[in-house]
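Each chain, written out:
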Amino acid sequence: MGTETIHRPGALKQTNKSHKHGKHTSKRELERLAKGKVNLKTLTRRPNRQQSRDERRQQAVQLRKNKRQEAIALKRAIGGALTAPFLTCVLPLNEMIDPNSALAFIQGCDPEATVTKVSERIRYMNVPRFRQRFSFVVPEIGHGRELNVLDALKVCDSVVLLLTAVAGDSDEMIDKFGAKVLNMALTQGLPTPMVCLMDLQSINPKKRTQTKANVQKVVSSILPDEKVMELEKLTDGLNLLRRIGGQKRRIMHNRSNRPHMLGEKVEYVANVPAAGQDRPMGTLKVTGFLRGVPLSVNQLVHIPGLGDFQLQQISSPTDPYRMRKLEDGEMSSMEERPPLMADRELQTSLQRENIPDEMDAEQTWPTEEEIVASRDENKKRIIKRVPKGMSDYQASWIPDIVEEDEDEDDEEDEEDEEQYMSCESDTESKVGDRESDDESNQFDQVSVSDEGPVSADRYDKEIDMEEERTTLAKIQAAKVDEIFPDEIDTPADKPARERFVKYRGLESFRSSPWDVKENLPFDYARVYQFKNFDHTKRRIVREAQQKEGNDVAMPGWYVQLHVKNVPQDLWSAFLSTGNGERLIVYGMLAYEHQMSVMNVCLKRTQNSTIPIKSKERLIVQCGYRRFIVNPIFSQHTNGDKHKYERYFRPGMTVAATFFAPIQFPPAPILCFRENPDTSLSMVAAGSLLSCNPDRVVLKRVVLSGHPFKINRESATIRFMFFNPEDIAYFKPCKLRTKLGRVGHIKESLGTHGHMKCVFDSQLKSHDTVLLYLYKRVFPKWIYEDCIVSCRPEGDRESSKSERSVTFKAKVEMMQE
């Protein structure tokens, strides 16, 4: 037999890697071997590595622990023995409900509870069972008192909404006043709500379940997360107290970022008249629990209805509503605190406007003589609109409306409106006819009263025909503006280059530059501006929450604020409105007393159907302030330029610009309009955007022309201009058509305004050529605080602001 040959692998033989026996270590094994020691290079590196399982678990535990501690601290911040009590507003949504009956169930629910009645509308209650303190406020209700309810809801921690089961129909469950107030409160920001149903025992036992289900259905449509509670016996009142003290409260940043106080006791002390003092002053002492953030004695305070003031001192009297009585020789922590005195050098100044330097920059301002001469030239005409049937005493409270001759810019605006209204006159007349037909049809279908027929003469006497004609003209103008936006007719009797000398053409509205500091009015030198508004807002709010020092009163203290230099006649007028028993004091943040240009976002309410013209007089409630301004409207869009809106139509969302004191967001905005019967109706709501004078609002006018002869790439346009000089002046401007064509003016043809234009494609015969021109518009310095004012005794020819009465006070006085 032969020898066996052994197979030997060749050069291409595959060799596999051998298994690593125990040499491989995982990440978890490496961590176990390191025993917590970290390499220096790993320690100094940025912590951008992926966390391990144990690190993620520990981080989640720590975050959960911090959130739990924050929730517990927030819950213990009020309602305890050494903190401010729970402040609850009791608000009935139907005039059939008596809020005192609801308070009777609450006060009698615990025999050990201590009830202190400060006034008819403020009561304190200590419940030893819960170791908590409660305070209940009943605002003044009724038509014309809506603003009082809104002011009370601003400072309350929770609100109890009262409903009655005997109302019957679901539509009558919340009456007209209740629906109006509830709508305003939801727009402003409703505190933590609770809904209580009363008078359920008076219903047939077989119908109680269905009645409560109907009430729950109505409440769920307004407040989806709220469950209706019964308030029929003492145990129901105890359950309500338990819910008030243990529920999770809503955080309203506009209130929590500022110190605020509900003044339960108010005392006015007149000062000794000083030599040469024209107006007697006094000190207003307001006592109550401080809430929100710490209050410094050197910062300003705002009192709705009175204005902005400085503090003289903050004293700490004994808390009369403490949980237990002090033993003999035991001193309260409140009594040990010395009064905080204001420092004149550190106090915030009441100066509201900036004093411009006339020699600054290169522009020369007019002298005082020139300003006085220009004022004398303006003729003033005083008009007072008095509703029919009003007495002379009631009419004396209506402020005078002073009409002045408008300046050149206003005359140009009027010319724009007149020429705009003359455009498409046939269409406008058709719209007016159609509107009148609609109005007549509506009047024929709607019945005035179900009680019986009303005579035509009596009905006509109750209608203000002047207001009817004004409203109809405004609705027609707004409809024409919506159909033909910004289109006006070129004047035939005046050169267009002179009529539109302040306007300019833009290559692109989005990308073309516009200098924000160009040709600013003199009023812009009187305002303040931030380099970075958002950064300043965050810094100011953070400093207010972390404020410490010897001149600071902390939240939860029972304090007495000494507000100095309150005019005596102003306080007397405020007392006449019936609000002297209860005051609300807000601590103002830094810079919130100084004037600036405020930009707010507004949206029309559902019940408001009449268009609002730009520069129309409105009552605006911004956060804790309420004032009267004439805003200008612009589109709420992104970019550095914003198109001016002539009308604020229903369903629109616009940005309003006006002069007002600085306020840091978030701040809810409510806009009211005065009705002919002196009542107020909410027409718009929104929020504060910023306080920035650099917002560019451009007013656009559109000149239109029509094709006369159409070639392949060019066309002869007429009716846009009427002389060759105007064509040469506007030759650099770009032309656009309604069908999307773009072109420019090439040359003038003849002497009657015909011009040859070149476009990117052939025009159609039914197309319209447009020329867009823009001009920057600014708001007018028309600002008036909604405060109670009166005429000084020694000055019978006082100004309009000194004679005017706030709308809130005027409505209350007329009802009395």
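Residues numbered from 1 in each chain as written. Predicted model: local features only at pLDDT ≥ 70, side-chain atom pairs only at ≥ 80, totals over all residues. Heavy atoms only, no water.

The name that an unreviewed UniProt entry assigns to the protein chain is Pre-rRNA-processing protein TSR1 homolog, with the source organism given as Anopheles minimus. According to UniProt, the comment filed for the protein chain under the heading Sequence similarities (unreviewed entry) is "Belongs to the TRAFAC class translation factor GTPase superfamily. Bms1-like GTPase family. TSR1 subfamily." (UniProt positions renumbered as here; feature names shortened; annotations may be inferred.)

## Concerning the overall build of the protein chain
In terms of helices and strands, the protein chain carries 21 helices and 38 strands. Residues classed as buried in the protein chain amount to 46% of the 816 residues present. Looking at the protein chain alone, contacts between residues at least 24 apart form 78% of all its contacts between residues at least 6 apart. Element-wise, carbon and sulfur atoms account for 49% of the exposed surface of the protein chain, whose accessible area totals about 45,800 Å². (Helix = DSSP H or I, 4+ residues; strand = E, 2+ residues; numbered from the N terminus. Buried < 20%, exposed > 50% of the residue type's maximum accessible area, 1.4 Å probe, protein only. Contact = heavy atoms within 4.5 Å. Areas by Shrake-Rupley, 256 points an atom, 1.4 Å probe, with all protein chains shown as cover.)

## A short note on the packing of aromatic side chains
Going through the model one piece at a time under the given rule, you end up with 23 aromatic pairs. For the ring pair F500 and Y503, a centre distance of 5.7 Å and an interplane angle of 75 degrees mean the geometry is edge-to-face. The buried category is assigned to Y503, whose relative accessible area is 6%. With a centroid separation of 5.3 Å and an interplanar angle of 75 degrees, the aromatic rings of Y524 and F778 are classed as edge-to-face. Here the residue Y524 occupies a position in the loop between α16 (496-499) and α17 (533-545), and F778 occupies one in the loop between β37 (769-776) and β38 (783-785), the gap between them amounting to 254 residues. Like F778, Y524 is buried. Ring-pair connections join several aromatic residues into one group, and the members of that group are Y124, F289, Y321 and Y558. Looking at R504, its charged tip hangs above the ring of W514, at a distance of 4.2 Å from the centre. One residue, R526, lies across the ring of W781, its end atom 3.8 Å from the ring centre. (Phe/Tyr/Trp six-rings, centres within 6.5 Å; stacked < 30°, edge-to-face > 60°. Lys NZ or Arg CZ within 6 Å of the ring centre and 35° of its normal.)

## Considerations on the pattern of salt bridges
Enumeration over the complete set of coordinates arrives at 34 salt bridges. Of the charged contacts in the structure, one is a salt bridge between R352 and D308, with a shortest N-O distance of 3.2 Å. Of this pair, R352 sits in the loop between β15 (340-341) and α10 (368-377) while D308 sits in strand β13 (residues 307-309), and the two are 44 residues apart along the sequence. Per residue, the accessibility class of R352 equals that of D308, and both read buried. Through salt bridges with shared partners, a single ionic network connects D486, K643, E645, R646 and R700. (Salt bridge = Lys/Arg side-chain N within 4 Å of Asp/Glu carboxyl O.)

## Digging into the sheet that holds strand β1 (residues 86-92)
Two strands in a sheet stick together by hydrogen bonds in their backbones, pointing the same way (parallel) or opposite ways (antiparallel). Strands sit in the order β2-β3-β4-β1-β5-β6-β7 across an open sheet of seven strands; the sheet is mixed. A strand with exactly one partner marks an edge of an open sheet, and here the two such strands are β2 (114-117) and β7 (229-230). Where β1 and strand β5 (residues 158-164) come together, five bridges link them in parallel fashion. Bridge pairing in β5 links P92 to L162. Lying over the sheet, helix α4 (residues 99-107) contacts β1, β2, β3 (122-127), β4 (132-137), β5 and β6 (192-198), oriented at roughly 15 degrees with respect to β3. Strands in contact with helix α7 (residues 208-222) are β5, β6 and β7; relative to β6, the strand with the most contacts, it is inclined by about 155 degrees. (Pairing = 2+ DSSP bridges. Axes fitted to C-alpha atoms, helices over the stretch in contact; angles between N-to-C directions.)

## Here's the deal with helix α6 (residues 176-188)
When the terminal C-alpha atoms of α6 are compared, their 18 Å separation across 13 residues agrees well with the 18 Å that a helix rising 1.5 Å per residue should span. Within the sequence span of α6, burial applies to F177, G178, V181, L182, M184, A185 and Q188. Down the axis of α6, the buried set is contained in an arc of 165 degrees. They therefore lie on one face. In the stretch just after α6, G189 is the one whose phi turns positive, near 125 degrees. (Expected span 1.5 Å × (residues − 1). Arc of directions from axis to C-beta.)

## Regarding the pairing of β1
Where burial is concerned, most of β1 is hidden: seven out of the seven residues are buried. Neither face of β1 is open: one carries F86, T88, V90 and P92, the other L87, C89 and L91, and all of them are buried. Relative to β4, β1 runs parallel, the two being bridged by four bridges. What sits directly across from L87, in β4, is S135.

## Remarks on the confidence of the model for the protein chain
With 79% of its residues at a pLDDT of at least 70, the protein chain reaches an overall mean of 81. For the stretch residues 326-334, pLDDT sits under 50, and the model shows nine contacts to residues farther than four places along the chain or on other chains. The low-confidence segment residues 424-452 (pLDDT under 50) makes twelve contacts with residues lying over four places distant or belonging to another chain. (pLDDT = per-residue confidence, 0-100.)

## Some thoughts on the packing of helix α5 (residues 146-155) against α6
Where α5 contacts α6, the axes come no closer than 10 Å and their chain directions differ by 40 degrees. Judged by the angle between their axes, α5 and α6 are oblique. As for how α5 packs across α6, the hand of that crossing is right-handed. Counting all contacts with α5, which are made through E146, V149, L150, L153 and K154, the residues of α6 involved are F177, K180, V181, M184, A185 and Q188. Counted by class, the contact of α5 with α6 contains seven nonpolar, one polar and three charged residues. (Parallel < 35°, antiparallel > 145°, perpendicular 65-115°, else oblique. Left-handed = near helix turned anticlockwise from the far one by under 90°. Nonpolar A, V, L, I, M, F, W, Y, C, P; charged D, E, K, R; others polar.)

## Brief notes about the pairing of strand β31 (residues 680-691)
As defined by bridge partners, strand β22 (residues 595-604) adjoins β31 across seven bridges and the pair is classed as antiparallel. Residue pairing in the sheet places M598 in a bridge with C691 of β31. Where strand β30 (residues 668-674) lies against β31, seven bridges are found, and the strand directions are antiparallel. Within β31, the position partnered with L670 by the bridge is A685. Remark: five residues form the turn of the hairpin made by β30 and β31, two consecutive strands paired antiparallel; T678 in that turn has positive phi of roughly 70 degrees.

## So, α4
Those residues of α4 that sit buried are P99, A102, L103 and I106. Looking straight down α4, one finds its buried side chains confined to an arc of 100 degrees; they lie on one side.

## Describing the environment of V90
Mapped onto the secondary structure, V90 falls in strand β1. With 48 residues separating them along the chain, V90 and V138 place their C-alpha atoms 5.3 Å apart. Among all residues touching V90, those that are not within four sequence positions of it are P99, L103, F136, V137, V138, P139, V160 and L162.

## Describing unusual backbone geometry
Following P665, the chain continues into P666 via a peptide bond in cis, with omega recorded as 0 degrees. A positive phi angle, close to 55 degrees, is found at R131, a residue other than glycine. Within the fold, R131 resides in the loop between β3 and β4. The phi dihedral of Y591 falls on the positive side, at around 70 degrees, and the residue is not glycine. Inspection of the secondary structure puts Y591 in the loop between β21 (583-587) and β22. Accessibility expressed as a relative area gives 36% for Y591, which makes it partly exposed.

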